Amino acid sequence: VPSSVTASSVLEPSVAYQAANLFDSRYDFAWSTNGKTTSGKGESFEVRFNQPQNISGLMVWNGYQRSEEHFKANRRVARASVSEGPVSNSFQLSDRMGSQKVTLSNPLKSV
């Protein structure tokens, strides 16, 4: 789906850790916050779709999935939220490699 994505921070070199890596379907690249200056807590990214979309769930690969070594050496998301305007969804992610299906309790309409 055509869209753009921005992040609250990106680790340098930004070309290697840009937020667009969240959507490239490759395990050897990842978005990374600037962990040298933050713990990662409160970091975010924003997706802007070219056309309105309904979102009822997500497929998430938590952490750096390049290898088990990379996964263990980097932080992962424990709790996340997805929101648009007044509609918000919070959920926990498992601390494991592989995909995780997240079903939103409050689906987002025409975002």
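Whatever comes next refers back to the structure up there.
Our subject in this report is the structure included herewith.

Parameters at a glance
Residues numbered from 1 in each chain as written. Predicted model: local features only at pLDDT ≥ 70, side-chain atom pairs only at ≥ 80, totals over all residues. Heavy atoms only, no water. Phe/Tyr/Trp six-rings, centres within 6.5 Å; stacked < 30°, edge-to-face > 60°. Helix = DSSP H or I, 4+ residues; strand = E, 2+ residues; numbered from the N terminus. Core = buried A, V, L, I, M, F, W, Y, C linked by side-chain atoms within 4.5 Å. Buried < 20%, exposed > 50% of the residue type's maximum accessible area, 1.4 Å probe, protein only. Contact = heavy atoms within 4.5 Å. Salt bridge = Lys/Arg side-chain N within 4 Å of Asp/Glu carboxyl O.

1. Looking at the packing of aromatic side chains
Turning to step 1, where the next piece is worked out: This model, assessed by the stated rule, comprises two aromatic pairs.
Turning to step 2, where the next piece is worked out: Aromatic side chains W31 and F45 sit 5.5 Å apart centroid to centroid with 80° between the ring planes, which places their arrangement in the edge-to-face category. Placement of the pair is W31 in the loop between α1 (14-17) and β2 (45-49) and F45 in strand β2, with a sequence separation of 14 residues.
Turning to step 3, where the next piece is worked out: Taken together, the ring pairs connect F23, W31 and F45 into an aromatic cluster.

2. With respect to the nonpolar core
Turning to step 1, where the next piece is worked out: Core analysis: the largest hydrophobic core is formed by eight residues, namely I55, V60, V82, F91, L93, V102, L104 and L108.
Turning to step 2, where the next piece is worked out: Those elements that place two or more of their residues in this core are β3 (55-61) and β6 (99-108).
Turning to step 3, where the next piece is worked out: It is β6 that contributes the most residues to this core, three residues altogether.
Turning to step 4, where the next piece is worked out: Apart from residues no more than four positions distant in its own chain, V60 is found in contact with L93, G98, S99, Q100 and V102.

3. Notes on the pattern of salt bridges
Turning to step 1, where the next piece is worked out: According to the stated counting rule, one finds four salt bridges in the structure shown.
Turning to step 2, where the next piece is worked out: Between R76 and D95 there is a salt bridge whose closest N-O contact spans 2.6 Å. A residue pair is termed long-range when its members are at least 10 positions apart, and R76 in the loop between α2 (68-73) and β4 (79-84) and D95 in the loop between β5 (87-92) and β6 qualify at 19 residues.
Turning to step 3, where the next piece is worked out: Under the relative-accessibility criterion, D95 is labelled exposed at 53%.

4. Section: the side chain of N21
Turning to step 1, where the next piece is worked out: Position of N21 relative to the elements: it lies in the loop between α1 and β2.
Turning to step 2, where the next piece is worked out: With relative accessibility at 9%, the residue N21 sits in the buried group.

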